Amino acid sequence: MSDARRPQRLHIGLFGRRNAGKSSLCNALCGQDAALVSPVPGTTTDPVEKVMELAPLGPVVLLDTPGLDDAGELGAQRVARSLRTLEEVDVALVVLEDSLWGPPEARLAAALQAADVPFGVVCNCRDAAAEQAARRLGPETFALPASIPLAVCRLDGTSTPAGALDEVRELLVRLRPQEEEPPLLRDLLPPRGRLLLVCPQDGSAPKGRLIMPQVQAIRDALDGHALCLVVTDEECGAALESLREAPQLIVCDSQVIAPVAATAPPEIPLTTFSVLMARLKGDLPLLARGAAALHSLRPGDTVLIQEACSHHPQEDDIGRVKIPRLLARLAGGELDCRLLAGRHWQDYDAIQQARVVVHCGGCTLSRRQMTRRLVTARRARLSMTNYGMAISLAQGVLERVLSPFPDALAAYREARLDQSARQRHA
Ligand code: SF4
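Residues numbered from 1 in each chain as written. Predicted model: local features only at pLDDT ≥ 70, side-chain atom pairs only at ≥ 80, totals over all residues. Heavy atoms only, no water.

Considering the sheet that holds strand E6 (residues 150–153)
An order of E2-E3-E1-E4-E5-E6 is seen for the six strands of this open sheet, with the pairing classed as mixed. The open sheet has two free edges, formed respectively by strand E2 (48–54) and E6, since each of these has just one partner strand. The sheet shows a mean angle of 25° between the axes of neighbouring strands, taken without regard to direction. Across six bridges, strand E4 (residues 91–97) lies against strand E5 (residues 119–124) in parallel orientation. By the bridge assignment, Ala-92 is partnered in E5 with Phe-119. Against the sheet, helix H1 (residues 22–30) contacts strand E1 (10–16), E2, strand E3 (58–64), E4, E5 and E6, and its axis sits at roughly 160° relative to E3. Sheet strands in contact with helix H5 (residues 166–175) are E1, E2, E4, E5 and E6, and its direction is about 145° off that of E4. (Pairing = 2+ DSSP bridges. Helix = DSSP H or I, 4+ residues; strand = E, 2+ residues; numbered from the N terminus. Axes fitted to C-alpha atoms, helices over the stretch in contact; angles between N-to-C directions. Contact = heavy atoms within 4.5 Å.)

Shown next as structure tokens:
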């Protein structure tokens, strides 16, 4: 799916037992038959996604999941898939048939609380008597904290009584996280600041379009009223010569950081799309600290290379070839580099065996999804950094590309000092 704004959409997970009305709720919210509805339990066998505008929330992705009470070997796999969706959602609705709450819902509530996902309970009532009964309930009925909000609706699977969804919408508004994403780059420039973006269009660039971080950077520059010039790496020198006044910021693709850093005078602030994405998506100082750990790699160490989406491997692929080659050079010998690709990050064995995780830019992940990965790495006491920072470090320019972000630069330097102290005491 090509939806450049997808990571910014609110991801709403619909969870519950088979036939609780999750798919009916999904269809009613989006006003379409996005999910197959039938009286046969277990009709939803894989999570179904619906990308839409949901007033008054704005752009959202609805994720309708298989039933949590599915049975048998295949059923257990479906339940596992449902629970894996927890990684992806910003908020969740636990859908009940009438007000039927039992062990599957209690387990789900515990998993949602452990994953720090805000959630509410929706009683999907089959008739007026059940609706009246549900309205008399409170969260304490389900042994949930009083802060867990509750909504009641009545859906018959094919039509939606007028106003039946108002409570669900209100509930979602209450659940929506209030945290705003930081800007991508506009805060780094004064009003009408001069910005040079260097976007190589080589064989690895997608045909006929720009990659998402480049599109986002141009949009953020326009939102910030920057004076933005976009060139390829081949025109970088000519662009600098042609400008009457030097740019106040240069942002380039990590793969051309070495020639751009050599071309751009040292007094011009320079960074990479990777560094900007790391700040936007999660915790730049943490990833900068993680980059320092690359200095301590030794031949044979295990490095987990993680990509957040699957793509056809290219010749000289960044995750499969370039990063392992650069890291091997840093370590002074071959490493055991293992690549995991995909939207889910559940291979904890691989995570725990690694010394360092080198993650892609995660352009298809939301800030919350990337933050969860950072938390997982931290819990496993693993250093984590990203492709761009690993490349900049290997090219000897990491401090320069972190310079526009003093807290990240300080974190990297502090981690290097800690390393030196440890080596002295070893
Ligand atoms: S591998 Fe990562 S950075 Fe590359 S396109 Fe996929 S999500 Fe984006």
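Observations regarding empty space enclosed by the protein
If a probe the size of a water molecule is rolled over the atoms, the empty space left behind becomes visible. Tallied over the full model, the rule gives one cavity of 30 Å³ or more. Taken as a whole, the largest cavity spans an internal volume of roughly 60 Å³. Forming the boundary of the largest cavity are 13 residues, of which Ala-278, Leu-287, Gly-361, Met-370 and Asn-386 lie nearest the centre. Contributions of two or more residues to the lining of the largest cavity are made by helix H9 (273–281), helix H13 (367–379) and strand E14 (383–386). Looking at which element gives the most residues to the lining of the largest cavity, the answer is H9, with three residues. The residue makeup of the lining of the largest cavity, split by class, is seven nonpolar, four polar and two charged. (1 Å grid on protein atoms, 1.4 Å probe; cavity = no way out; pocket = protein on both sides within 12 Å on 5 of 7 lines; lining within 4 Å. Points joined across faces, edges and corners; volume = space filled by probe spheres on them. Nonpolar A, V, L, I, M, F, W, Y, C, P; charged D, E, K, R; others polar.)

Considering the pattern of salt bridges
Proximity of charged atoms lets side chains of opposite charge pair with each other. Applying the stated criterion across every chain yields a total of 20 salt bridges. For the salt bridge of Arg-135 with Glu-167, the shortest nitrogen-to-oxygen distance reads 2.6 Å. Taken together, the residues span a long stretch of sequence, with Arg-135 in helix H4 (residues 128–135) and Glu-167 in helix H5 at a distance of 32 residues. Residue class for Glu-167 comes out partly exposed when judged on its relative accessible area of 26%. (Salt bridge = Lys/Arg side-chain N within 4 Å of Asp/Glu carboxyl O. Buried < 20%, exposed > 50% of the residue type's maximum accessible area, 1.4 Å probe, protein only.)

Observations concerning the side chain of Glu-105
Summarising the element assignment, Glu-105 is placed in helix H3 (residues 103–114). Those residues within four positions of Glu-105 in sequence are excluded, and the remaining contacts are Arg-17, Val-94, Leu-96 and Leu-100.

Examining the domain arrangement of the protein chain
Segmentation of the protein chain into domains returns domain 1 (6–175), domain 2 (188–274) and domain 3 (279–425). For domain 1 and domain 3, the distance between their C-alpha centres works out to 36 Å. Taken together, the contact pairs 14 residues of domain 1 with 12 residues of domain 3. Buried area between domain 1 and domain 3, both sides added, is near 1,100 Å², and the carbon and sulfur share of it is 35%. Taken as a group, Pro-7, Glu-87 and Glu-88 account for 52% of the area that domain 1 buries against domain 3, more than any other trio of residues on that side. Our enumeration of links across domain 1 and domain 3 arrives at zero salt bridges. Connecting domain 1 to domain 3 are five residue pairs in polar contact (both at pLDDT 80 or more). (Domains from an automatic or database assignment. Buried area = accessible area lost by both parts, 1.4 Å probe. Polar contact = N/O pair within 3.5 Å; in protein donor to acceptor, adjacent residues only side chain to side chain.)

Focus: the environment of Gly-58
When you line up the elements, Gly-58 lands in strand E3. The exposure class of Gly-58 is buried, given its relative accessible area of 17%. Residues Gly-58 and Leu-10, spaced 48 residues apart in sequence, show a C-alpha to C-alpha distance of 8.2 Å. If near-sequence neighbours (up to four positions away) are discounted, Gly-58 is found in contact with Met-52 and Glu-53.

Quick notes on the nonpolar core
Counting 76 residues, the largest nonpolar core has Leu-185, Val-198, Ile-250, Ile-323, Val-358, Met-389 and Leu-402 as the members making the most contacts within it. A per-element tally of this core places H9 first, with six residues. Both domains that meet at this core, namely domain 2 (188–274) and domain 3 (279–425), each give it at least three residues. Ala-20, Leu-93, Leu-155 and Leu-171 belong to the second-largest nonpolar core, a separate cluster that totals 26 residues. (Core = buried A, V, L, I, M, F, W, Y, C linked by side-chain atoms within 4.5 Å.)

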